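Residues per chain are reported as follows:
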Amino acid sequence: MGAYDVQNQAISAIPVIPSDTINIPAPGIKSSGTISAGTGIPTMTAAAGTFLTDGVQKGDIIYNTTTTTIAIVMEVTSETVLVLDAAIVAIGNTYDIYDGNQDNSEGLLLFVGTGGDLAVRTTQNNDVTLVNIGNASWIPLSVQRVDFTNTTASNIIALQ
C-alpha cells in the first residue's frame, strides 16, 4: 500500500441536518445560491438560479444553509423557481441542493462533533437511538437518516 492509498477511506462528506422523514442526501452540491423570493410558502425563487442547467430534479434535497433546515424538491418549474415540500425559505437565505438519496442502500458513516444522543435509521431500516455519544466520535454504523426527534448531538458529518 502506498502513501496515497485511500482504500477504506471516505471520499466525500456532507453536513447532516436531522429530519424525521428525509434521508441524508448524497454528498456533492448540485446547485447553490441565494433565495430572492418565497418567504413562508413552499415555492422558492433564486433570481440567479440555474436549476435546469444544474440538473436539479424532483426528489433532490435542499438545505437552507442560513436556518439549517431541509426540504425535498417537489417540482422544478423553471431555471429560477422550485416547489418544495415545506416552507423553509426566506428572502436572503442561502441554499445548497444535493442529489436525493431516499433509497440510500449504501448508507453513510457519521462523525459527531458535539456529543449527545443520536437517533438514526440504519440502511436495514432499523430505528435506534445511540445514547451518550461523546464529542468527536465516529459512529461505525451504516446510516441513511439522522432523526430530528431524540437527537441532541450536533455538528454531525456524514461520510461516504
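In this text the structure is predicted, and so the values were computed from the model without any measurement. (Residues numbered from 1 in each chain as written. Predicted model: local features only at pLDDT ≥ 70, side-chain atom pairs only at ≥ 80, totals over all residues. Heavy atoms only, no water.)

How do you make sense of the overall build of the chain when you look at a structure like this?
In terms of helices and strands, the chain carries zero helices and twelve strands. Along the chain, helices and strands appear, N-terminal first, in the series β-β-β-β-β-β-β-β-β-β-β-β. The C-alpha atoms of the chain give a radius of gyration of 16 Å, which matches the 15 Å a tight globule of 160 residues would have. C-alpha extents for the chain along the principal axes are approximately 45 × 40 × 25 Å. Across the chain, the mean location of the 4 positive side-chain charges is 7 Å away from that of the 14 negative side-chain charges. (Helix = DSSP H or I, 4+ residues; strand = E, 2+ residues; numbered from the N terminus. Rg over C-alpha atoms; globule rule 2.2 N^0.38 Å. Lys, Arg positive; Asp, Glu negative; His and termini not counted. Charge placed at Lys NZ, Arg CZ, Asp CG, Glu CD.)

What is the right way to look at the sheet that holds strand β2 (residues 29-34) in this model?
Pairing in this open sheet of six strands is antiparallel, and the strands run β2-β7-β4-β5-β6-β3 from one edge to the other. Either end of the sheet is taken by a strand with one partner, and the two such strands are β2 and β3 (43-45). Strand-to-strand twist in this sheet, taken as the mean axis angle between neighbours without regard to direction, amounts to 35°. (Pairing = 2+ DSSP bridges. Axes fitted to C-alpha atoms, helices over the stretch in contact; angles between N-to-C directions.)

Could you clarify how one ought to interpret the confidence of the model for the chain in this entry?
Low pLDDT means the predicted atomic positions in that stretch should not be read closely. When pLDDT is averaged along the chain, the result is 91, and 92% of the positions lie at 70 or above. Scored below 50 in pLDDT, residues 1-6 makes one contact in the model with residues more than four places away or belonging to other chains. (pLDDT = per-residue confidence, 0-100. Contact = heavy atoms within 4.5 Å.)

Teacher, can you tell me more about the pattern of salt bridges here?
When charged atoms on two side chains of opposite charge get close, those side chains can pair. In this structure the tally under the stated criterion is four salt bridges. In this structure, the salt-bridge partner of D60 is K30, at a minimum N-O distance of 2.7 Å. You can see D60 sitting in the loop between β3 and β4 (61-64) and its partner K30 sitting in strand β2, a full 30 residues away along the chain. Grouping residues by exposure puts D60 and K30 together as buried. Here D127 ties to R121 by a salt bridge, and the two come within 2.8 Å at their closest N and O atoms. Looking at D127, the relative accessible area reads 47%, which means it is partly exposed. Overlapping salt bridges, with partners in common, bring together K30, D60 and D99 in one network. (Salt bridge = Lys/Arg side-chain N within 4 Å of Asp/Glu carboxyl O. Buried < 20%, exposed > 50% of the residue type's maximum accessible area, 1.4 Å probe, protein only.)

I would appreciate a short explanation of the pairing of strand β11 (residues 137-146) in the present structure.
Side chains on a regular strand alternate between the two faces of the sheet. The pairing of strand β8 (residues 108-114) with β11 spans four bridges and is classified as antiparallel. When the sheet's bridge partners are listed, V112 is paired in β11 with S137. Bridge count between strand β9 (residues 116-122) and β11: three bridges; the pairing is antiparallel. The residue bridging R121 from the neighbouring strand is R145, located in β11.

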